[in-house]
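A closer look at the structure
The lines below spell out each chain.
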Amino acid sequence: MSGRYGHQPNRHLPTPVSAPLFPLFADLQGRRVLVVGGGPVAERKTEALLHAGALPSVGAPDLTPRLLAWYEAGRIEWIDGRFDPHWLSGVWLVVAATDDADVNRAVAAAADASHVFANVVDDRELSTFQVPAIVERGPLQVAISSGGGAPMLARHLRRQLETLLDDSWASLAELFTRQRRRIRQRFPQTAERRRFFEKLLAGPLPRLYRQRLHAQAEQHFLAVLDEHATTARGSVAVVGAGPGDAGLLTLNALRAMNEADVILHDRLVSEDVLRLGRRDATYIEVGKSATGHSTRQDDIHALMLEHARTGKRVVRLKGGDPFVFGRGGEELEFLRTHGIPYEVVPGITAAVACAAYAGIPLTHRDHAQSVKLVTAHCKDSFDTLDWQSLAQERQTLAVYMGVAGLEGLRDRLVAHGRAPSTPFALIENGSRRDQRVLTGTLADLPETARFHQVRSPALLVLGEVAALAGTLHWFGAPPVCAVAPTHSRNLPTPTLQAA
Ligand code: SAH
């Protein structure tokens, strides 16, 4: 027999070891595929084949309960017995998934002889096709292959892609599939079609899908199709960056930071978090700290507006959660007034993060049934607080921005009936490398903070649960239990012991 490539059958041509696999997406709808083996691995492969609409024939003396259920439901065929090369007749592919190396080899040899592609699970040499790692978003599939040589690497990459591709991709793929004919009619030339898609993807479409505004997304699509869409409008994502540990960012926060053209961040946002943002974004610190330089809220508003109006994707990145003492509400009101589209990504707020990282459960059946998040940074804000209710027992107070006003805080709480022996924990730089936790009792709170020079950012947890930091701590240095003898109060150099 003489083919186009000469007299030798192709498979005998010397193939360089490094020859890449030919990537292929096979349409198995309604086609028979043989799976040899009836154990858990065969079950996984069969499930993937069913997902692709194939008709699996499973050949094995025994089946797992799930395989058996599929057989009983008529979804798969079952060939009861040990492998026989005849099983291969009429199948498009074969998967060998037994734990018997001889059987797997026999399957591979028989498949080769009848020109059926074979995948032998975990055996690159015996396989004539590989099953890639897959990231699926609706009709969109990303397949990753290491050629069978480094499946762990492919899986690792798959996990990274899983986190990067939100499910707006599925909606986009569905929309483009649905409108394919129309798009082709409207833009018959490839180049103009490409421009059309680029314009769509750079615009608000992905965001509209993320916000589950499907009707608006469709409308926008049609407007761009008819070239009625106005020039690209920017948007603002108000994003919570968490307390500092970059691992506490949400996937949505990470995505927003990856897409941003401009990142307006508070000083409270840690370096570790900022490092994860898009490299070529413009970073602008709009820090507000109790002491140093601060950007006025009006200036922050103006910056958001300026950049969004020139079509930029702006991320307004805030420490913790944007809606917990973060003025996120005001920023949204401002954006709404000016017709700038926005989205909000919540973050882990300092109270939740600091408590967790200090080993303090904010609620506890034995000690506290409620938590109050309070901010108390100046005298004015003190006067508006309901001290009666703050001083109640069996609740936990999480006090933000409390370092400056601790004295007033203690005095008022005690005056309203909270026991001076109530435990506290002060958590400085919670979740960060330099986290420090001080514990003690309400009576000595301000003196302890002063003696140990607690600096912002620090969060105060007050209530019986705070004492649990002593036993449940797990992160960084153990808490410093500060004991201040009563006579030392208010002295310039109190004699405190660090345990
Ligand atoms: N929106 C933020 C709070 C902003 S107010 C959030 O949800 O966390 C700023 C105050 O938050 C600080 O003064 C401090 O009390 C607290 N804070 C923020 N990050 C902190 C951290 N890593 N450790 C301790 N306190 C923190």
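Cut-offs and rules
Residues numbered from 1 in each chain as written. Predicted model: local features only at pLDDT ≥ 70, side-chain atom pairs only at ≥ 80, totals over all residues. Heavy atoms only, no water. Buried < 20%, exposed > 50% of the residue type's maximum accessible area, 1.4 Å probe, protein only. Helix = DSSP H or I, 4+ residues; strand = E, 2+ residues; numbered from the N terminus. Arc of directions from axis to C-beta. Contact = heavy atoms within 4.5 Å. Pairing = 2+ DSSP bridges. Axes fitted to C-alpha atoms, helices over the stretch in contact; angles between N-to-C directions. Domains from an automatic or database assignment. Polar contact = N/O pair within 3.5 Å; in protein donor to acceptor, adjacent residues only side chain to side chain. Parallel < 35°, antiparallel > 145°, perpendicular 65-115°, else oblique. Left-handed = near helix turned anticlockwise from the far one by under 90°. Nonpolar A, V, L, I, M, F, W, Y, C, P; charged D, E, K, R; others polar. Near = heavy atom within 4 Å. Areas by Shrake-Rupley, 256 points an atom, 1.4 Å probe, with all protein chains shown as cover.

1. Here's the deal with helix H13 (residues 328-337)
- Looking at H13, one finds that the buried residues are Gly328, Glu331, Leu332, Phe334 and Leu335. End-on, the buried residues of H13 take up no more than an arc of 160°, which puts them together on one face. In H13, those exposed residues whose orientation departs by more than 90 degrees from the buried face are Glu333, Arg336 and Thr337.
- In the core, the buried residues of H13 are packed alongside strand E8 (235-240), helix H12 (297-309), strand E11 (313-318) and strand E12 (342-345).

2. Some remarks on the sheet that holds strand E10 (residues 282-285)
- An order of E10-E9-E11-E8-E12 is seen for the five strands of this open sheet, with the pairing classed as parallel. Edge positions in the sheet fall to E10 and E12, since each has one partner strand and no second. For this sheet, the mean angle separating the axes of adjacent strands, direction not counted, is 20°.
- In the sheet, strand E9 (residues 262-265) pairs with E11 via four bridges, with the strands oriented parallel.

3. Structural notes on the domain arrangement of the protein chain
- Along its sequence, the protein chain is organised into domain 1 (32-131), domain 2 (134-144 + 169-232), domain 3 (240-348) and domain 4 (352-481).
- Averaged C-alpha coordinates put domain 2 and domain 4 at centres separated by 50 Å.

4. Considering the side chain of threonine 64
- Position of threonine 64 among the secondary structure elements: in the loop between strand E2 (55-59) and helix H2 (65-72).
- Exposure remark for threonine 64: the relative accessible area of 11% places this residue in the buried category.
- Only 2.7 Å separates the side chain of threonine 64 from the side chain of glutamate 43, close enough to count as a polar contact.
- With residues near it in sequence (within four places) discarded, threonine 64 still touches Gly38, Gly39, Pro40 and Glu43.

5. Considerations on the packing of helix H5 (residues 168-178) against helix H9 (residues 214-225)
- Remark: H5 packs on H9, axes separated minimally by 12 Å, with the N-to-C direction vectors making an angle of 45°. With respect to H9, the element H5 is oriented oblique. Judged by the sense of rotation from one axis to the other, the crossing of H5 with H9 is right-handed. In this structure, H5 contributes Ser171, Leu175, Phe176 and Arg178 to the contact, and H9 contributes His214, Glu218 and Phe221.
- Among the residues making up the contact of H5 with H9, the classes are represented as three nonpolar, two polar and two charged.

6. Looking at unusual backbone geometry
- The omega angle of the peptide bond from serine 456 to proline 457 is 0°, so this bond is cis rather than trans.
- Mapped onto the fold, proline 457 is located in the loop between helix H18 (445-451) and strand E17 (458-462).
- The phi dihedral of phenylalanine 325 is positive, around 50°, even though this residue is not glycine.
- By the element assignment, phenylalanine 325 lies in the loop between E11 and H13.
- For phenylalanine 325, a relative accessible area of 37% translates into the label partly exposed.
- Look at glutamine 453: it is not a glycine, yet its phi comes out positive at around 50°.
- By the secondary structure assignment, glutamine 453 is in the loop between H18 and E17.

7. Let's talk about the side chain of histidine 301
- Along the chain, histidine 301 falls in helix H12.
- Those residues within four positions of histidine 301 in sequence are excluded, and the remaining contacts are Glu330, Glu331 and Phe334.

8. Points about the site of the ligand
- Among the 20 residues in the neighbourhood of the ligand, the closest are listed as Asp321, Val324, Thr349, Gly430 and Ala458.
- Between the ligand and glycine 319 there is a distance of 3.0 Å, counted from a nitrogen atom to a backbone nitrogen or oxygen.
- One nitrogen or oxygen atom from the main chain of methionine 401 is found 2.8 Å from an oxygen atom belonging to the ligand.
- Calculation on the ligand without its partners gives an accessible area of 550 Å², and the protein chains cover 93% of this total.
- Counting residues per element, the ones that place at least two in the shell around the ligand are helix H14 (350-358) and E17.
- Its residues placed into classes, the shell around the ligand shows twelve nonpolar, six polar and two charged.
- Shared between two domains, the shell around the ligand takes at least three residues from each, and those domains are domain 3 (240-348) and domain 4 (352-481).

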